[in-house]
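# Structural overview
The primary structure of each chain is shown beneath.
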Amino acid sequence: MSVHLHWFLPTGGDGRTLVDRHAYTDGGIKRSRITPISGVRAPDIDYLAQIARAADQLGFEAVLTPTGTWCEDAWLTTVALSQHTDRLKFLVAFRPGVISPVLAAQMAATYQRITRGRLMLNVVTGGDSTEQKRFGDHLDHDNRYARTDEFLTVVRGAWEGKPFDFHGEHYQVEGGLVALPPEPRPPVFFGGSSPAAGPVAARNADIYLTWGEPPEQVKQKIDWIRGLAEAEGRTVRFGIRLHVISRDSSKDAWATANRLLDDLDDDTVAAAQQALGKSESVGQQRMLALHGGSRDKLEISPNLWAGVGLVRGGAGTALVGNHAEVADRIEEYHALGVDHFVLSGYPHLEEAYWFGEGVTPELAARGLLDTVPGSPLAGVPATNGRPASAPGGAPLLLAGGR
């Protein structure tokens, strides 16, 4: 089976550094900064469109768009970007607890018609009570998953195109329906590492999405979810969320990873670890356990680097190496049963080209991709330490991690 490659839209901002991207007092509208962090890019529509078009050109199937306080709204942003691309799909993250399930079902149907079937859904139950409360959600961790279970039941019922009744603990729906159901129905991506999350994934997920842990730990998760799904009479596919730093040589890739750490003083790391340690997310705690807040031994498995997780929540690991080595690791995860790879890198525009022009052809040569797009500048020598087709002439990383 072929692998599915997806990229990421940094709707909270981007940059050539792991230092907090939210360095604008006004969210980037006027680009007024609190601190003089260079290389930070506001998530305006022009920049996001560059990334979307690059992902489209380079053959990525979809782009994941996050949800949360510090991001632009995923639904609105991606439907706008759909007008800037031809083929690219949008993996839209959303929180079930802050929207009606019937309305969500209707929004998905409308989205499919507007974009001609380019919607994929990423259900984010939420592992941070503080964040949830900002949106008016006061349920505890396990009850949020129970509500998500009901939410997705209602969504699928409303998509049947006939009145649907549901009476649960969290939702009471009478005659819920979407008059014109989505075509095709968007696949549901779902993540969660807690005991409360597993059964919900088994009953509802089309693709179970995990963060980038070492292969043996990923295998354990796959076996867990696969067993739960089989008990429900279902089959679930699997995806993984990773950053990536791929270069022509392994030396250059690791040098880039190390330069990303140059911006991070010990106080910054300690503060980030303290904040992330308060998360109720079991997946987040598993990410933190990979490095323990230490800069030592960040290569936790061959070519798997945990440096991002020192200061960033969510996906905290990156595949680092030359293009063949990164392809090796993707092939290794694929052999475990992972089909969908949701990737990203700092900055997202340039890293899309490094991966698309370096790793994608490797995967195609191994028979892991159905097709590989041709670059308009294929065969043109790389210059200034960047892929030949990287737009704009911007350097990838300068000294000091910028």
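Being a predicted model, the structure only gives us computed values, none of them experimental.

### Observations concerning the overall build of the protein
When helices and strands are tallied, the protein shows 12 helices and 15 strands. Taking all 402 residues of the protein together, the buried fraction comes to 56%. A separation threshold of at least 6 residues defines the contact pool for the protein, and within that pool the share at least 24 residues apart is 72%.

### Focus: helix α7 (residues 215-231)
Over its 17 residues, α7 runs 24 Å from end to end, which matches the ideal 24 Å to within 8%, given 1.5 Å per residue. Taken together, the buried positions of α7 are occupied by Pro-215, Val-218, Lys-221, Ile-222, Ile-225 and Ala-229. Down the axis, α7 shows its buried residues gathered within 120° of arc, on one side only. Exposed residues lying more than 90 degrees from the buried face of α7 are Glu-230 and Ala-231.

### Notes on the packing of aromatic side chains
Inspection of the entire model under this criterion finds nine aromatic pairs. Ring plane angle 55° and centroid distance 5.9 Å describe the contact between Trp-75 and Phe-94, whose orientation is recorded as tilted. Residue Trp-75 is found in helix α2 (residues 74-81), and its partner Phe-94 is found in strand β5 (residues 89-94); the two are separated by 19 residues along the sequence. There is no split in this pair, since Trp-75 and Phe-94 are both buried. Linked through ring pairs, Trp-75, Phe-94, Tyr-111, Phe-151 and Tyr-171 together constitute an aromatic cluster.

### Overview of the nonpolar core
Ranked by size, the top nonpolar core spans 76 residues in total, and within it Leu-5, Trp-7, Tyr-333, Phe-341, Phe-355 and Leu-363 carry the most contacts. Residue contributions to this core peak at eight residues, all from helix α1 (residues 45-58). In this view, Tyr-333 contacts Glu-213, Pro-214, Pro-215, Val-218, Ile-240, Leu-242, Leu-304, Leu-319, Val-338 and Phe-341; residues no more than four positions away in its chain are not counted. Core analysis: the second largest hydrophobic core is formed by 22 residues, Ala-253, Leu-290, Ala-306 and Val-308 among them.

### As for the packing of helix α5 (residues 141-158) against helix α6 (residues 197-204)
At a closest axis distance of 9 Å, the pairing of α5 and α6 adopts a crossing angle of 10°. One finds that α5 runs roughly parallel with respect to α6. For the pair α5 and α6, the contacting residues are Tyr-145, Thr-148, Asp-149, Leu-152, Thr-153 and Arg-156 in the first and Ala-197, Val-200, Arg-203 and Asn-204 in the second. A class-by-class count of the residues in the contact of α5 with α6 yields four nonpolar, three polar and three charged.

### Here's the deal with the pattern of salt bridges
A side chain of one charge can pair with a side chain of the opposite charge when the charged atoms of the two come close. Taken as a whole, this structure holds 17 salt bridges when the rule is applied. In this structure, the salt-bridge partner of Asp-328 is Arg-366, at a minimum N-O distance of 2.7 Å. Taken together, the positions of Asp-328 in helix α11 (residues 323-336) and Arg-366 in the segment after α12 (348-365) put the pair 38 residues apart, joining distant regions of the chain. Of the residues examined, Asp-328 reaches a relative accessible area of 32% and is grouped as partly exposed. Between Glu-362 and Arg-366 there is a salt bridge, and its shortest N-O distance comes to 3.3 Å. One connected set of salt bridges, linked through shared partners, spans Asp-328, Glu-331, Glu-362 and Arg-366.

### Things to note about unusual backbone geometry
Backbone torsion omega between Glu-183 and Pro-184 reads -5°, so that peptide bond is classified as cis. Mapped onto the elements of the fold, Pro-184 is located in the loop between β8 (172-176) and β9 (188-190). Note that the residue after Tyr-346, namely Pro-347, is joined by a cis bond; omega there is -10°. Not every positive phi belongs to a glycine, and Arg-116 is a case in point at roughly 60°. Its identity is not glycine, yet Asn-303 carries a phi of approximately 65°, on the positive side. By the secondary structure assignment, Asn-303 is in the loop between β12 (299-301) and β13 (304-305). What makes Asn-303 buried here is its relative accessible area of 8%.

### Let's talk about the confidence of the model for the protein
On average, residues of the protein score 86 in pLDDT, and 87% of them are at 70 or above. A low-confidence stretch, residues 23-29 (pLDDT under 50), is modelled with 18 contacts involving residues beyond four sequence positions or located in other chains. In the predicted structure, residues 375-402 sits below a pLDDT of 50 and forms 54 contacts with residues beyond four places in sequence or in another chain.

### Some details on the environment of Pro-186
For Pro-186, the position within the fold is in the loop between β8 and β9. In the structure, Pro-186 is positioned 74 residues away from Gln-112 in sequence and 8.1 Å away in space, judged by C-alpha atoms.

Conventions and cut-offs
Residues numbered from 1 in each chain as written. Predicted model: local features only at pLDDT ≥ 70, side-chain atom pairs only at ≥ 80, totals over all residues. Heavy atoms only, no water. Helix = DSSP H or I, 4+ residues; strand = E, 2+ residues; numbered from the N terminus. Buried < 20%, exposed > 50% of the residue type's maximum accessible area, 1.4 Å probe, protein only. Contact = heavy atoms within 4.5 Å. Expected span 1.5 Å × (residues − 1). Arc of directions from axis to C-beta. Phe/Tyr/Trp six-rings, centres within 6.5 Å; stacked < 30°, edge-to-face > 60°. Core = buried A, V, L, I, M, F, W, Y, C linked by side-chain atoms within 4.5 Å. Axes fitted to C-alpha atoms, helices over the stretch in contact; angles between N-to-C directions. Parallel < 35°, antiparallel > 145°, perpendicular 65-115°, else oblique. Nonpolar A, V, L, I, M, F, W, Y, C, P; charged D, E, K, R; others polar. Salt bridge = Lys/Arg side-chain N within 4 Å of Asp/Glu carboxyl O. pLDDT = per-residue confidence, 0-100.

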